[in-house]
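Residues per chain are reported as follows:
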Amino acid sequence: MRRRTFLRWASLGAGALALPRAARALPETSRLTIGQLQHGGRWNPRPTALRRLLWELAARTSIETAPDGVALRAGRPGLHRFPFLYLAGDGPLPPFTEPERVALRRHLQYGGFLLVDSADGSDGAGFDASARRELAALLPGSPVLRIAREHVLYKSFYLLDHQGGRVLVKPWLEGQVVDGRLAVVYSQNDLGGAWARGALGDWEYECTPGGEAQRETAFRLGVNAAMYALCTDYKDDAVHLPFILKRRS
Amino acid sequence: MGGGGFNAWRLAALSPWPRWALGLLALAALAAVLLAWRGLRGEPRPGRRAALLALRALSAAAALFLLAEPAVQLLQTARVKNRLAILVDTSRSMRFPVEPGGPSRAEAAAAFLRAHRAALEALGDRATLEWHTFDRDVAPADPAALARGAEPRGGRTDLLSALRAVGAGSASGRRLAGAVVISDGADNAALADGLTPAARAALRELHAPVTAVAVGRDAPKDLAVERVAVDDFAFVRNTLTVEATLHARGFDGEPAQVTLRREGQVVASATVRLEAGKERYVVPLSFAPDTTGTFVFTVQAPVFPGEAVVENNARSFVLRVIRDRVRVLLVAGRPSWDERFLRGLLKQDPNVDLISFFILRTANDRSGPQDELSLIPFPVNEIFGDQLRISDAVIFDDFGWEPYRSFGMEAYLPRIRDYVRAGGAFAMVGGEQSFGEGRYGGTPLADVLPVEVVDGLGMAEEEFRPRLTPEGRRHPVTGLAGGEAQSDAAWAALPPLPLLNRTRALPPGSGAQVLLEAPSVPVMGRPAPVVAVREVGAGRTLAVTTDSSWFWGFLAAEKEGGNARAYQRFWSNALRWLVRDPSLTPIQVSPDRPAVEPGEAVGLSIQARGADWGPAAGAPVTAELVGEDGKVVARGQAAAGADGVARLSLLPPGPGAYRVVATGPPAAPGAPPEQASSAVAVRASGPEDADAAPRPELLRAVAEATGGAFTALPSGGLPDVPLADPEVVEVGRRKDVPIWDRAGFLLLLAASLAGEWILRRRWGYG
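Just so you know, these numbers come straight off a predicted model, no measurement behind them.

With that settled, consider the overall build of chain A. Helix and strand counts for chain A come out as seven helices and seven strands. Mapped in sequence order, the helices and strands of chain A form the string α-β-α-β-β-α-β-α-β-β-β-α-α-α. A buried classification covers 47% of the 249 residues belonging to chain A. Pairs at least 24 apart in sequence give 78% of the contacts found in chain A among residues at least 6 apart.

A separate point is the overall build of chain B. Each helix and strand in chain B was counted, giving 15 helices and 37 strands. Within chain B, the proportion of its 766 residues that are buried is 42%.

All names here are of chain B. Running from amino to carboxyl end, helix 8 (residues 380-389) crosses helix 9 (residues 409-421) at an angle of 15°, the nearest separation of the two axes being 11 Å. Between helix 8 and helix 9, the angle falls in the class roughly parallel. Read as a crossing pair, helix 8 and helix 9 show a hand that is left-handed. Within the contact between the two elements, helix 8 uses Val 380, Phe 384 and Leu 388 and helix 9 uses Met 409, Tyr 412, Arg 415, Ile 416 and Tyr 419. Classifying every residue of the contact of helix 8 with helix 9 by side-chain character gives seven nonpolar, no polar and one charged.

Turning next to the interface of chain B and chain A. With 35 residues of chain B at the interface, the matching set in chain A holds 34 residues. Of all the secondary-structure elements, those providing two or more residues to the side of chain B that touches chain A are helix 7 (337-348) and strand 17 (352-358) of chain B. It is helix 7 of chain B that provides the largest number of residues to the side of chain B that touches chain A, a total of five residues. Each residue belonging to the side of chain B that touches chain A can be placed in one class, and the counts come to 15 nonpolar, eight polar and 12 charged.

So, on to unusual backbone geometry. Residues and elements named next belong to chain A. Of the consecutive residues Thr 208 and Pro 209, the connecting peptide bond is found in the cis state with omega at 0°. Secondary-structure assignment places Pro 209 in the loop between helix 5 (191-195) and helix 6 (211-231). Even without being glycine, Asp 190 reaches a positive phi, approximately 55°. Within the secondary structure, Asp 190 is located in the loop between strand 7 (181-187) and helix 5. For Asp 190, a count of 30 C-beta atoms within 10 Å corresponds to the buried category.

Attention shifts here to the environment of Leu 139 of chain A. Residues and elements named next belong to chain A. Along the chain, Leu 139 falls in the loop between helix 4 (126-138) and strand 5 (145-146). Among the residues examined, Leu 139 registers 20 C-beta atoms within 10 Å and is labelled buried. A sequence separation of 39 residues divides Leu 139 from Val 178, and the C-alpha atoms of the two residues are 8.5 Å apart. Beyond its immediate stretch of four places on either side in the chain, Leu 139 contacts Arg 105, Leu 108, Gln 176, Val 178, Ala 183 and Val 184.

Backbone-to-backbone hydrogen bonds pair the strands of a sheet. The strands run either parallel or antiparallel. Residue and element names in this part refer to chain B. An order of 5-4-3-6-7-36 is seen for the six strands of this open sheet, with the pairing classed as mixed. A single partner strand is all that each edge strand has here, and the edge strands are strand 5 (138-140) and strand 36 (710-712). Within this sheet the neighbouring strands show an average axis-to-axis angle of 20°, counted without direction. For strand 3 (residues 82-89) and strand 6 (residues 176-183), the ladder comprises six bridges, and the chain directions are parallel. Bridging from a neighbouring strand, Arg 83 pairs with Leu 176 of strand 6.

Residue and element names in this part refer to chain B. Overall, mixed pairing links the five strands, which are arranged 9-15-14-11-12 in an open sheet. Strand pairing shows two members of the sheet lacking a second neighbour, strand 9 (233-235) and strand 12 (265-274), which therefore form its edges. Strand-to-strand twist of the sheet, defined as the mean angle between neighbouring strand axes without regard to direction, takes the value 30°. Bridging between strand 11 (residues 254-262) and strand 12 involves nine bridges; their strand directions are antiparallel. For Gln 257, the partnering residue across the bridge sits in strand 12 and is Thr 271.

Another point: helix 5 (residues 159-168) of chain B. All names here are of chain B. Residues of helix 5 that are buried: Leu 159, Ala 162, Leu 163, Val 166 and Gly 167. Along helix 5, the residues classed as buried sweep out an arc of 135° about the axis, all on the same side. Of the surrounding elements, those touching the buried residues of helix 5 are strand 3, strand 4 (127-134), strand 5, strand 6 and strand 7 (210-214).

For the rest of this paragraph, the subject is the environment of Thr 469 of chain B. Residues and elements named next belong to chain B. Residue placement: Thr 469 occurs in the loop between strand 22 (467-468) and helix 10 (470-474). Linking Thr 469 and Val 531, residues 62 residues apart in sequence, is a C-alpha distance of 9.9 Å. Residue contacts for Thr 469: discarding those within four places in its chain leaves Val 514, Leu 515, Leu 516 and Glu 517.

About the thresholds
Residues numbered from 1 in each chain as written. Chains lettered and ligands numbered in written order. Predicted model: local features only at pLDDT ≥ 70, side-chain atom pairs only at ≥ 80, totals over all residues. Helix = DSSP H or I, 4+ residues; strand = E, 2+ residues; numbered from the N terminus. Buried ≥ 20, exposed ≤ 12 C-beta atoms within 10 Å, placed from the backbone. Contact = placed C-beta atoms within 7 Å. Axes fitted to C-alpha atoms, helices over the stretch in contact; angles between N-to-C directions. Parallel < 35°, antiparallel > 145°, perpendicular 65-115°, else oblique. Left-handed = near helix turned anticlockwise from the far one by under 90°. Nonpolar A, V, L, I, M, F, W, Y, C, P; charged D, E, K, R; others polar. Pairing = 2+ DSSP bridges. Arc of directions from axis to C-beta.

Coordinates in, geometry out; function isn't part of it.
Here is the structure:
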């Protein structure tokens, strides 16, 4: 059996395993969907990434997910049906219009969450420069700052002390805080590239330099980001502290 | 000099010269004497020198006398009779015996007055007699009535104020010459701590001797709850210590069990041994109040045979038990936006102490090695055992019980039901693990839910617009805006919801009300409930049969001018209603004072609100006092004023603890009347009964400080009553009788001048 053929069968098997979960008949509107923001640049560099992340979320956690992300435009009605937004890009993107910025700002200020993911591995140019420009315009009162290692984002589900992604441009994540909560998380390490998986079950990109461990960390980061979006600082509640301290030591 | 009705005299100068001129003349006279003395320094014979000097001095004196024109002033004066106040103690402590087994102190005082009234009235020659009784205040009295015996009923003894009042008070302006106090000395006002320097100074300002007649010798056997030290309010479920001070006299090692009761129910007790010779005991009584509200507590000491006062063995006080923060237990079956926004709202609220537990992984999920996860095992025992007991409200958000059967979840469902019935609050929020989908139908929890849960009814997945029911328009949970129409409009403006758990309204009489319903989702011919509430036992429950209430916040805030207020208001109202926040009851009652003296009426303010939460002007309200045995002992009716406040006054029948129950008109036609309650204590004993001991030593100190006499009954008689000297006041005429114009003085001056001149010539002083 050729490798491709095996993978095809294997992916069908995985689909069959997932079936009973879908049969639990959770209404579509109650499932977690991620809204992917469209923009004037290459807004969807990893078309299979969110589908895989949502699949992993459903498989690893009690979060029930929709099968795929939903493409959205910031200025169109319905943005608030998706409290979790994803902004990705490869190369620079033209500025958002003012109405789009207003809508995004409103979304984040009322409790929304935005994950920004750079696919091009840029630092100071390309997508990175555009993203920083947009984030500064979006929440002018909240500078983009490095997220501390102790932040609840790194323990909202998995206990994490490494970064994941297709590349490792920065060994940390950055974010913007609104009312004491992370409203924006920004990764320069192409998380989507690590999540992307072809229809035949093969990973679309190699992860460098850490290989599969780095890919796994990318998924764990994705899971933690979703958990943080849905539970915020739940894991900082006193009831969890003794358990977490024991495992971290 | 004594003729013409004059009875006094004094010397005066009639000279028209001013005083300074007379002074100058005096200096000139002195200078004349000094000049003579200087001129005679060379005179060897002392006899001559003395004679000349004497003559010069005589001349100077005579000249001065003539210039000053002295006269005798004849005066007609009269003496004024000042006042003597006789003060008889009529405070309640005078009911106690003079000595164990003897007559009452009041009787002893009356007997003393009968025996010595004539002697006292004899003092009327020297001063005007004023008869008074005193306790809290001073009142004029008839001596004959005092001798028959005055009824001792004053609630306080304030000797210093009484003395000051008689010292100051007389329309004639006549001074106080003295006072006679007949009392047991059991002062419980300014002299309660003895004769302090301030009190001593105040007594001295009277300028009158106070003669004291002490009634009462030995303290009777008595046990009293003298004082209870406690704050005005306490936090529910936090341990509180009440410090009771016992005062005991005449005991010898008897044990005494002191109890603390809350409206009849003992909540704490302690035992002390009453030693001979030790009078004060501080007894700490600790307990943790378990419900919020206003209650009367009573500290009770046992009553021993032979005690002088029985009423002082208990003391009541009113305590307001409040919550420090509302403790909410939020259990979610999975992370979801509904859970996310509800948690965010509750976490933000400074009055909420939130305990969350979310299921992040189910048995089917493959997450990797346990030690790489931050997950903790589902602490079922901790949550539904310990936390449940101390929670004010429990919320199940899309949480199914069946998956946790192996954790013993089944056993906790009846516990939650009992927690609600005992006064807890429970809310179930929709989702595919809630209500019928979570197989709650037929469980013990279904007994307390505000909707009928039928397993298998399924979920409605078509968008629907909820609508307020007539009850919902007026209910504090769903009242989003001021009036009914505004609330309707506010709900209609919210986005439609995507999902509903199908349930059925409970029949009338179950205590449940549907507030918000889905007209487009009929269940057995009637709109399905969206929000329903229920009073069940002493507790309250809430059902929100959708997992999308966050649409009222985050989604409603999307359009320009939109905001999340409806969501915040709904959940904040719901939580406050669930935990019976007092500000959400349409009727409120508060007594003017938490405790009143025996015989005093209780003033009540009753605030009534209408269905629109505005003041219910003119609404009829009733108020009742309910005793510890549950019997209504007083009842009153009134109508609320324009501000929605009605004022009432009820007279409790006697000492004890009473619950105040106010009833207003029902919030809606057919609904039960609105009620509110508070508590009031009628003091079992005032300060007079707290300590039955006489204080003759205090009276002796008062007498000594003012220069008065002291005697003690029953043996003592009336001592000499010292009085301050009366003032002499001039009332009549005066007459000046000059003495300088007598010829002898002029002759004397002429003779002395002539004599000096002759001698000087003869002895050769030209």
